[in-house]
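These are the residues of each chain, in order.
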Amino acid sequence: MSSALTDLCRYPIVQAPMAGGASAPPLVGAVCEAGGLGFLAAGYKTADGMYQEIKQLRGLTARPFGVNLFLPQSEYADPAAVEVYANQLAGESAWYETPLGEYACGGLDDGYDAKLAILIDDPVPVVSFTFGCPTRDALEAFARVGTLTVVTVTTPEEAAAAQWAGADAVCVQGIEAGGHQGSHRDTPASDGSGIGLLSLIAQVRETVQLPIIATGGLMRGAQIAAALAAGADAAQLGTAFLACPESGAHALHKQALTNPLFVRTELTRAFTGRPARGLVNRFLREHGPYAPAAYPQVHHLTSPLRKAAARTGDAQGMALWAGQGHRMARELPAGQLVEVLAAELTAAKAALIEGSAS
């Protein structure tokens, strides 16, 4: 707890940025007020939408918080493969009585440059990045305005690239994590070959000298203690906060986390064209094996279908992002969850000390 990053919060507990609405300002504000470090998710939002959420959050808390950005994606995606997938989804379009999204004209950069400009002009305490590593110039610009930067990594090599570019910390994401894998390159040959969190923490700790935020399947204070013992400086939890009343996740998504109907998670490209871990439902089973590596084209293609499924109360057609520990979700107010996690962490540390002394 000696780094500039962890000095921002009372507890080494970070609420993950969850794009799509879950990381709403009320959730982030409650986490920050309770002593954790909350993150807004700017992914899929316009630059102005991001700015409005920052303004709303500042009205809820004066404590430090973070904002997460998606890196621009490369132009590569096989248009023919996306077209084939669109044809396969014709039945879904008919079922939900909604047209497929306009994937060909969907933006690849997620408004990245405009968001950078806003965050440089009106700085926030922390900015994190997913799907790649920013340029050295971008990271230096944030350093000049006093913003700490965090790069999401899934391998020691990505961590080394983040350190070289000048990041202040890395968010080490194990394969257990819910939602998108934050790998810097989307290579289909690597699907499913990610590294488990505890092993990855140790490998990254031996590769770089940056503070480490560990994330992936963490749901209890004892797991946070294990991550810290493995070499992390803080732990980031996403699925654990999804079920909170302040979360902007759809009610069906929250219910599905502990619904016996959804027994496991899988990495899939079915909804967005990029590997992401979600609860196994009908859409994932039927379309996952055929989805091409085409992000964000597939995201734009399926977006109307997912919205229609949510609107009609059909969880079998929604992207139910969740980490491997989803069955351990607790429907607690976010502030209370932070306090419970902190108490569990303290108890786990005490038990470890007691055990080593006996």
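Positions within a chain are numbered from 1, following the residues in the order the chain's sequence is written. Where totals are concerned, whole chains, interfaces and linings use all residues; where local detail is concerned, this predicted model gives features only for residues with pLDDT of at least 70, and gives and counts side-chain atom pairs only at 80 or more. Water and hydrogen atoms play no part in the side-chain values, which are based on all heavy atoms of the structure.

K.L.:
Can you walk me through the packing of aromatic side chains in this structure?
P.N.:
A ring pair, where both rings are aromatic, is described by two values, the distance of the centres and the angle of the planes. Two aromatic rings, drawn from Phe, Tyr or Trp (for Trp, its six-membered ring), form a pair once their centres lie within 6.5 Å of each other, and the interplanar angle then sorts them: stacked below 30 degrees, edge-to-face above 60, tilted otherwise. Tallied over the full model, the rule gives 6 aromatic pairs. Residues tyrosine 44 and phenylalanine 70 carry aromatic rings whose centres are separated by 5.3 Å and whose planes lie at 85 degrees to one another, so their mutual orientation is edge-to-face. With tyrosine 44 in the loop between β2 (39–41) and α2 (47–58) and phenylalanine 70 in strand β3 (residues 66–70), the pair connects residues that are 26 residues apart, well separated along the chain. With a centroid separation of 6.0 Å and 65 degrees between ring planes, the pair formed by phenylalanine 129 and phenylalanine 142 is classed as edge-to-face. Only DSSP runs of H or I covering at least 4 residues are called helices, and only runs of E covering at least 2 are called strands; the numbering of each starts at the N terminus.

K.L.:
Is there a simple way to explain helix α6 (residues 136–144) in this structure?
P.N.:
One full turn of an α-helix is made of 3.6 residues, so residues set three or four places apart face in the same direction. Those residues of α6 not exposed but buried are Ala138, Leu139, Ala141 and Phe142. For α6, the arc enclosing every buried residue in end-on projection is 155 degrees, short of the 170-degree limit, so these residues lie on one face. Facing away from the buried side of α6, by more than 90 degrees, are the exposed residues Asp137, Ala143 and Arg144. Considering only its buried residues, α6 is in contact with α5 (112–121), β4 (126–130), β5 (148–153) and α7 (156–165). Of the residues trailing α6, glycine 146 is marked for its positive phi of about 85 degrees. Summary of the burial criterion: residues with accessible area below 20% of their type's maximum are buried, those above 50% are exposed, and those between are partly exposed, where the area comes from a 1.4 Å probe applied to protein chains only. In this context, the arc is that of the directions from the helix axis out to the C-beta atoms. The contact criterion used is simple: two residues touch if any of their non-hydrogen atoms lie within 4.5 Å.

K.L.:
Quick question: what am I supposed to make of the nonpolar core here?
P.N.:
The definition of a nonpolar core used throughout is a set of buried Ala, Val, Leu, Ile, Met, Phe, Trp, Tyr and Cys residues joined through side-chain atoms within 4.5 Å. In this structure, Val67, Leu69, Phe129 and Phe241 are the most contacted members of the largest nonpolar core, which totals 98 residues. Apart from the residues lying within four places of it in its own chain, the contact partners of phenylalanine 241 are Ile13, Val14, Gln15, Met18, Leu27, Val31, Ser247, Ala334, Leu337, Val338 and Leu341. Counting residues in each nonpolar core, the second largest holds 12 residues, with Cys9, Leu37, Ala169 and Ile213 among its members.

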